[in-house]
Amino acid sequence: TPKLSGPELLCQLKDKVEVATLTPDLQPFSLLPWATQLPPQQLTSDLGPYKSCAVVSSAGSLRYSGLGKEIDSHEAVLRFNAAPTTGYEKDVGSKTTIRLINSQVMASDDHRFLSSSLYSSGVLVAWDPAPFSADLTKWFNRTDYPIFAQYQRYRRLHPLQPFYILHPRFEWQIWQRIQDNMAEPIQKNPPSSGMLGTVLMMSLCEVVHVYEFLPSRRKTELCHYYQRFYDAACTLGAYHPLLYEKNLVKRMNQGSDRDIYTNGRVTLPGFRKLNC
Ligand code: NCC
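The structure presented is a predicted model; accordingly, all values stated were derived computationally and were not measured.

A.B. asks: Let's hear about the site of the ligand: which residues, and what values?
C.D. replies: In the vicinity of the ligand there are 20 residues, among which Asn81, Asn102, Gln104, Ser193 and His224 approach most closely. Between Asn81 and the ligand, the recorded distance is 2.7 Å, taken from a side-chain N or O atom to an oxygen atom. A total of 730 Å² of accessible area belongs to the ligand in isolation, and the protein chains cover 77% of it. Applying the majority rule of atoms within 2 Å of the grid points places the ligand in the largest pocket. Of all elements in the fold, only helix 5 (103-107), helix 9 (193-202), helix 10 (233-236) and helix 11 (242-252) reach the threshold of two or more residues within the shell around the ligand. Here the residues of the shell around the ligand are counted per class, giving seven nonpolar, 12 polar and one charged.

See below:
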């Protein structure tokens, strides 16, 4: 396979990946009473367009970064899973426009998803590692974690907070972009939340800044900026094809290598701004 340039990769991503969310009209959900809890419109028609956006990875290297002010200066900020802002404002800011969560966070007792105030600000977007086919009925019958039961409970407790579920097609379309641009076969697991969130924001924003997804000089084995837990696999990947995701993002980066090294910052154009 020929190695595509950064602009070619960006156009491929724009053309072949669609940020789709579940709507009440989709089968098998349309047959279930709770389908009316799903947002009637696509996320991309409800949110944005935003001028400048920040995607804040949860990496340990954000600790002592002092990037908080810069992150909050963006019009919209996306965070992941259980990543807090309280107590870490100096390094990660305090604004949360969108929180992207995996189904494990929704289902596990330690995260107290239904009761913690961590999840109550901004727009929630959830995803679950679906079977490769992205067939909705197959997925519905075999979700990785009980995403739908938890979704219904959360909606009943917080009926006014916008809450979307990503269509599994989205995760596998991105996976395919990663695979098609790598010489070797990659593991058939969906991309990390970091990669999904980055592409999500590219579809809503004119420009996207991703923080500490490509590690800076602060690179550390500390897994998350908010936890005393060390594991190099958090940065390099194990289940997720994280190293391949990072390789792709590095190739698409329009900022300088120095920006990565000193600030852990990558700059990506929004899809709307691209001339393909
Ligand atoms: O760790 P996690 O992700 O919540 O981090 C969010 C995204 O930030 C990027 N990251 C994180 C740490 C690090 N050192 N370097 C990074 O680049 C990654 O892009 C990551 O996706 C996930 O992708 O949803 C993940 O979730 C956790 C876990 O489920 C949640 O944190 C809740 O506890 C997964 N960990 C486990 O399953 C043990 C992780 O593999 C991926």
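There's more to say after this.
A.B. asks: Which residues make up the state of the cysteines, and what values go with them?
C.D. replies: Scanning all chains against the criterion turns up three disulfides. Between Cys11 and Cys276 runs a disulfide, and the two sulfur atoms are separated by 2.0 Å. Torsion about the S-S bond of the Cys11 and Cys276 cystine: about -90°, corresponding to left-handed handedness. Here the residue Cys11 occupies a position in helix 1 (residues 6-16), and Cys276 occupies one in the segment after strand 7 (265-269), the gap between them amounting to 265 residues. Look at Cys11 and you get buried, because its relative accessible area is 15%. A residue is classified by how much of its surface remains accessible, and Cys276, at 56% relative accessible area, is exposed.

A.B. asks: Help me get a handle on the nonpolar core, residues and values and all.
C.D. replies: In terms of nonpolar packing, the biggest core is built from 72 residues, with Phe29, Ile98, Tyr119, Trp139, Phe163 and Met201 touching the most fellow members. Here the element with the most residues in this core is helix 9; it accounts for six residues. Listed in part, the 12 residues of the second largest apolar core include Ala54, Val92, Tyr225 and Tyr226.

A.B. asks: Tell me about the environment of Met201, and name the residues and values.
C.D. replies: Note that Met201 resides in helix 9. Relative accessible area serves as the criterion here: at 0%, Met201 is assigned to the buried category. Sequence separation between Met201 and Tyr211 is 10 residues, and the spatial gap between their C-alpha atoms is 13 Å. Other than its neighbours up to four places away in sequence, Met201 contacts Cys53, Ala54, Val55, Ala76, Val77, Leu78, Ile98 and Val208.

A.B. asks: Account for the pairing of strand 3 (residues 98-102), with residues named and values stated.
C.D. replies: In terms of residue burial, strand 3 counts as a mostly covered element, since five of its five residues are buried. Side chains Ile98, Leu100 and Asn102 of strand 3 all project onto a buried face; the interleaved residues Arg99 and Ile101 project onto the opposite face, where all are buried too. Sheet topology places strand 2 (residues 76-80) next to strand 3; three bridges connect them, and they run parallel. Bridged to Phe80 within strand 3 is Leu100.

A.B. asks: Hey, could you go over empty space enclosed by the protein for me, with residue numbers and the actual values?
C.D. replies: Evaluated as defined, the whole model comprises one cavity of 30 Å³ or more. Of the pockets and cavities examined, the largest cavity occupies roughly 30 Å³. As for the largest cavity, its lining consists of Ala59, Ser61, Glu212, Phe213, Pro215, Lys219, Thr220, Thr235 and Lys246.

A.B. asks: Before we move on, can you summarise the packing of aromatic side chains with the specific residues and values?
C.D. replies: Taken as a whole and judged by the stated rule, the model has 17 aromatic pairs. Between Phe113 and Phe163 the ring centres are 6.2 Å apart and the planes differ by 70°, which places this aromatic pair in the edge-to-face class. Here Phe163 lies in strand 5 (residues 163-165) and Phe113 lies in the loop between helix 5 and strand 4 (123-127), a separation of 50 residues in the sequence. You'll find Phe113 and Phe163 in the same group, each marked buried. A connected cluster of aromatic rings, assembled from ring pairs, spans Phe29, Trp34, Phe113, Tyr119, Trp139, Phe140, Phe148, Tyr151, Tyr154 and Phe163. Sitting over the ring of Phe132, Lys188 keeps its end group 4.3 Å from the ring centre.

Conventions and cut-offs
- Residues numbered from 1 in each chain as written.
- Predicted model: local features only at pLDDT ≥ 70, side-chain atom pairs only at ≥ 80, totals over all residues.
- Heavy atoms only, no water.
- Near = heavy atom within 4 Å.
- Polar contact = N/O pair within 3.5 Å; in protein donor to acceptor, adjacent residues only side chain to side chain.
- Areas by Shrake-Rupley, 256 points an atom, 1.4 Å probe, with all protein chains shown as cover.
- 1 Å grid on protein atoms, 1.4 Å probe; cavity = no way out; pocket = protein on both sides within 12 Å on 5 of 7 lines; lining within 4 Å.
- Sits in = over half its atoms within 2 Å of the grid points.
- Helix = DSSP H or I, 4+ residues; strand = E, 2+ residues; numbered from the N terminus.
- Nonpolar A, V, L, I, M, F, W, Y, C, P; charged D, E, K, R; others polar.
- Disulfide = S-S within 2.5 Å.
- Buried < 20%, exposed > 50% of the residue type's maximum accessible area, 1.4 Å probe, protein only.
- Core = buried A, V, L, I, M, F, W, Y, C linked by side-chain atoms within 4.5 Å.
- Contact = heavy atoms within 4.5 Å.
- Pairing = 2+ DSSP bridges.
- Points joined across faces, edges and corners; volume = space filled by probe spheres on them.
- Phe/Tyr/Trp six-rings, centres within 6.5 Å; stacked < 30°, edge-to-face > 60°.
- Lys NZ or Arg CZ within 6 Å of the ring centre and 35° of its normal.

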